[in-house]
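The lines below spell out each chain.
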Amino acid sequence: MTPNAPDSAAEPLIEVNSLVRHFGKQKVLDGVSFKVYAGDTFIIMGGSGCGKSTLLRHLIGTEKPTSGSIKIFGQEITTMRAEALQKLRGRYGMLFQSGALLQSLTVAENVALPLVEHTQLDAGLIDTVVKMKLEQVGLTGHGHKKPSEISGGMKKRAALARALALDPPLVFSDEPTAGLDPIMTAVVDELTQRLTQKIGATVVVVTHDMNSVFRIGTRIIMLGTGPNQGKIIAAGTPEEIKAHPNPAVQQFINGDPEGDGTDDSGELLYRETLLGINDTGKYSRSAIQSSKP
Amino acid sequence: MIEAFRQYFALCGSLLYWLFAAPFRGKPWRIGHTFAQIVRIGVHAVPMSALTALTIGVVLAMQSAAQLAKLGATVYVPGLVSSSLIRELAPLVTAVIVIGRSGSSVTAELGTMKVSEEIEALEVMAIPPMSYLIIPRFLAMVIMMPLLTVFSIYVGLTGGWLIGHYSLNMSTAYFVSHALQYVELSDVGIGLLKSGIFGVLIVTIACSIGLNVSGGAEGVGLATTRSVVVSLLSVFIANAVLTALFFF
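Residues numbered from 1 in each chain as written. Chains lettered and ligands numbered in written order. Predicted model: local features only at pLDDT ≥ 70, side-chain atom pairs only at ≥ 80, totals over all residues. Heavy atoms only, no water.

(A) Expanded view of the overall build of chain B. In terms of helices and strands, chain B carries nine helices and zero strands. Overall, chain B shows an N-to-C arrangement of helices and strands of α-α-α-α-α-α-α-α-α. Reported as C-alpha extents along the three principal axes, the dimensions of chain B are approximately 70 × 40 × 30 Å. When each of the 248 residues of chain B is scored for burial, the buried share is 50%. Across chain B, contacts joining residues at least 24 apart in sequence account for 83% of those joining residues at least 6 apart. Entry remark: accessible area of chain B is about 11,300 Å², with carbon and sulfur atoms responsible for 74%. (Helix = DSSP H or I, 4+ residues; strand = E, 2+ residues; numbered from the N terminus. Buried < 20%, exposed > 50% of the residue type's maximum accessible area, 1.4 Å probe, protein only. Contact = heavy atoms within 4.5 Å. Areas by Shrake-Rupley, 256 points an atom, 1.4 Å probe, with all protein chains shown as cover.)

(B) Region of the structure containing empty space enclosed by the protein. Under the defined criterion, the tally for this structure stands at two cavities of 30 Å³ or more. By volume, the largest cavity amounts to about 140 Å³. The wall of the largest cavity is formed by 16 residues, among which Tyr92(A), Gly93(A), Arg162(A), Ala163(A) and Met125(B) lie closest to the centre. For the lining of the largest cavity, the elements supplying multiple residues, two or more each, are β6 (92-95), α3 (107-118) and α5 (152-163) of chain A together with α5 (118-124) of chain B. Counting residues per element, the lining of the largest cavity draws most heavily on β6(A), which supplies three residues. Residues of the lining of the largest cavity, tallied by class, amount to 11 nonpolar, three polar and two charged. Looking at which domains feed residues into the lining of the largest cavity, each of domain 1 (9-91 + 168-257) and domain 2 (106-167) of chain A supplies at least three. Taken together, Leu160(A), Val171(A), Ser173(A), Val188(A), Leu191(A), Thr192(A), Leu195(A) and Val203(A) make up the full set of residues lining the second largest cavity. Where the lining of the second largest cavity is concerned, the elements lending two or more residues are β7 (170-174) and α6 (182-199) of chain A. Broken down by element, the residue count for the lining of the second largest cavity peaks at four residues, all from α6(A). Each residue belonging to the lining of the second largest cavity can be placed in one class, and the counts come to six nonpolar, two polar and no charged. (1 Å grid on protein atoms, 1.4 Å probe; cavity = no way out; pocket = protein on both sides within 12 Å on 5 of 7 lines; lining within 4 Å. Points joined across faces, edges and corners; volume = space filled by probe spheres on them. Nonpolar A, V, L, I, M, F, W, Y, C, P; charged D, E, K, R; others polar. Domains from an automatic or database assignment.)

(C) Structural context of the pairing of β7(A). All names here are of chain A. Summarising burial for β7: five of the five residues are buried, a large majority. Burial along β7 is two-sided: the face carrying Leu170, Phe172 and Asp174 and the face carrying Val171 and Ser173 are both buried. Pairing of β6 with β7, which is carried by four bridges, proceeds in the parallel orientation. Across the sheet, the residue bridging to Gly93 is Val171, located in β7. In this sheet, strand β8 (residues 202-206) lies alongside β7 in parallel orientation, the contact comprising five bridges. (Pairing = 2+ DSSP bridges.)

(D) How the structure looks around the interface of chain B and chain A. If you look at the interface, chain B gives 18 residues, while chain A gives 22 residues. Summed over both partners, the interface of chain B with chain A buries about 1,700 Å², with 54% contributed by carbon and sulfur atoms. The largest share of the area that chain B buries against chain A comes from Glu117(B), Val124(B) and Met125(B), three residues that together contribute 34% of it. At the junction of chain B and chain A, the tally comes to 10 residue pairs in polar contact (both at pLDDT 80 or more). Each residue belonging to the side of chain B that touches chain A can be placed in one class, and the counts come to 10 nonpolar, one polar and seven charged. (Buried area = accessible area lost by both parts, 1.4 Å probe. Polar contact = N/O pair within 3.5 Å; in protein donor to acceptor, adjacent residues only side chain to side chain.)

(E) Structural detail: the sheet that holds β6(A). Residues and elements named next belong to chain A. One open sheet accounts for six strands, arranged β6-β7-β8-β3-β9-β10; its pairing is mixed. Strands at the two margins of the open sheet, each flanked by one partner only, are β6 and β10 (232-236). Taking the axes of each pair of neighbouring strands and ignoring which way they run, one obtains an average angle of 10 degrees across the sheet. (Axes fitted to C-alpha atoms, helices over the stretch in contact; angles between N-to-C directions.)

(F) Spotlight on the side chain of His178(B). The residue His178(B) is located in helix α7 (residues 172-181) in this model. Beyond its immediate chain neighbours, meaning those up to four positions away, His178(B) contacts Val75(B), Pro78(B) and Gly79(B).

(G) Local environment of unusual backbone geometry. Residues and elements named next belong to chain B. Positive phi is not limited to glycine here, since Glu117 has a value of about 65 degrees. Structurally, Glu117 can be placed in the loop between α4 (77-115) and α5. One non-glycine residue, Ala126, adopts positive backbone phi at about 60 degrees. Mapped onto the elements of the fold, Ala126 is located in the loop between α5 and α6 (129-166). Using a relative accessible area of 8% as the deciding quantity, one classes Ala126 as buried.

See below:
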C-alpha cells in the first residue's frame, strides 16, 4: 500500500476498538470504538473535558491506552515499537490545538521542517513548496516572521501549512478553527474540504464548532460528559446527528443551556470543567450561562 | 524521587543509543545544530567564565601571599595558584558558571517546548527529539566544558600573575616557571576529565528535568530551579569523589 493510494472501501484507515484510558481513578475514555474510512472527514465532537483531545493523542500514538486497540493503516499502534511508529508517523500530519510551532524557527522554516527532514528535495524546491503552502493558508509574506510575532490565528494556519507540507494521506486536526475569525474559519474549513475532495486525504477533526462540524463533516461521533464521560453517545452522518433522538446531542448542537446535558437543578453537568470549581453551590446558573459566549 | 531517577536513567539509555548506535543506522549527529549549541552553551559563556576565573586567580594569589609572607615563602604563590586552579578550581568554577547560565537555559527551553506541545509536535512529525534537541546539546556541552576550563585556567593564572608581578615583584619568567614546577601534565588531563564529566552531568540533568516538565509556566520555573540545584549538588559530589580517586 503506497501512502497516497486510496484504501479499499472495505478496509478502514483507522479502526479503534474498545479503547479505555484511566488517569488515576478517572475514566477519561470508556470503551470507545469507531472506524474511519478513506476520504472521510471524521469529526470527534463533545463538550469540554469529554476526552476528545485525549482520544486524538491516542490516535497519534503519543499516549498509550489502558486497554483496547487502535489500528492505523491496518497496523496496531498501541503495541508498536518506537521505530515502527516513527515510520508510520511520516504518513500523517497533525495540527495541534496551540499550533505547536517551533519558537526558535521562522514560520517558513517551520513549514519547511518536515520537507527538510523527510525528503531529498533541494533548497530551491523546498522554498517553492513552502511558499505554496503558506499561500494556501493565506500567510503569504509572513514566512520570515517568528511564531511569537504573529497572532494566534496565524499560528494555527501556519501549523496547518506545516501539517500539510508532505501532502499526507491522513491528517489529524485538534480544534483547527478555535480562535479564528468567521472568515478564517471558513478558509480553514474549505481547505479541509479540498484536502478530502481533491487530494483524497482523510481528515480526523476534533472540534466543538458546530458550524464547522456540519460544513465539513462526513461522519461524526460525539463523546459524552458527566455520567457518560468518555463514551460515544452518538455516531453517524451529519443528517443522522442533526436528527439524533438523544436530548444531550440536541442540546449540544443547539447550544442550549437547559436540557438533558444539565441536571435537575439546571446546573450544567460539565460545569466543573467550565469553571474549574467543585463547589457548585456558590455559582448560580445565570453566572454559568453568562460565562458562555 | 524514584520517578525522577527512572526518567534520568531512561534519558541516559536513550542518549547512549542516539550517540553510538543511531549514527550507524543512518541517523547521524546533527552537526549544524551542534555548532549552534556550541555557540549558545559555550562561546557565550566565555566572558563570564573569564571574569570569574580572573577574580579567583587574583584572590588565590592575594590570600596565599598574605599567609606565605609570614613564613617568607611567597615563592610558593605561583605553584599554589596553578595547582589549585588546574586540579580543582577551574573545572569547578567553570561548571558552576555553566550550570547557572547554560544548564538552566537548557531546562527552561526544553520545558517550555514541552508545555507548548512543541516536543510532541516533533515526535508526531517523525523527528525524534533526542536527535533534534538532545544530542546537539549534549555534544556541545561535552566539547565546550573542557575548552572553557582550559580557558579559565589560563585566565586564572593571568590573575595570579597580576598579583605576583605587580605586588610581589616577580618577573613573568619567574612566575611561569614556578607555576609550572608544581603541576604535571597529568594534572591538566585530570582537570579536563573532571570538567568533561561535569559537562555530562550538567547536560543530562538539565535535559532530563526539562523534558519531563508538567504544569505550564509554573512547572517550567520549578523545573529550572530544580535543574540548577540538582546539577550543583551532583557536580560538587562528583568533584569530591574524583579528587579522592585521583589525588588522594
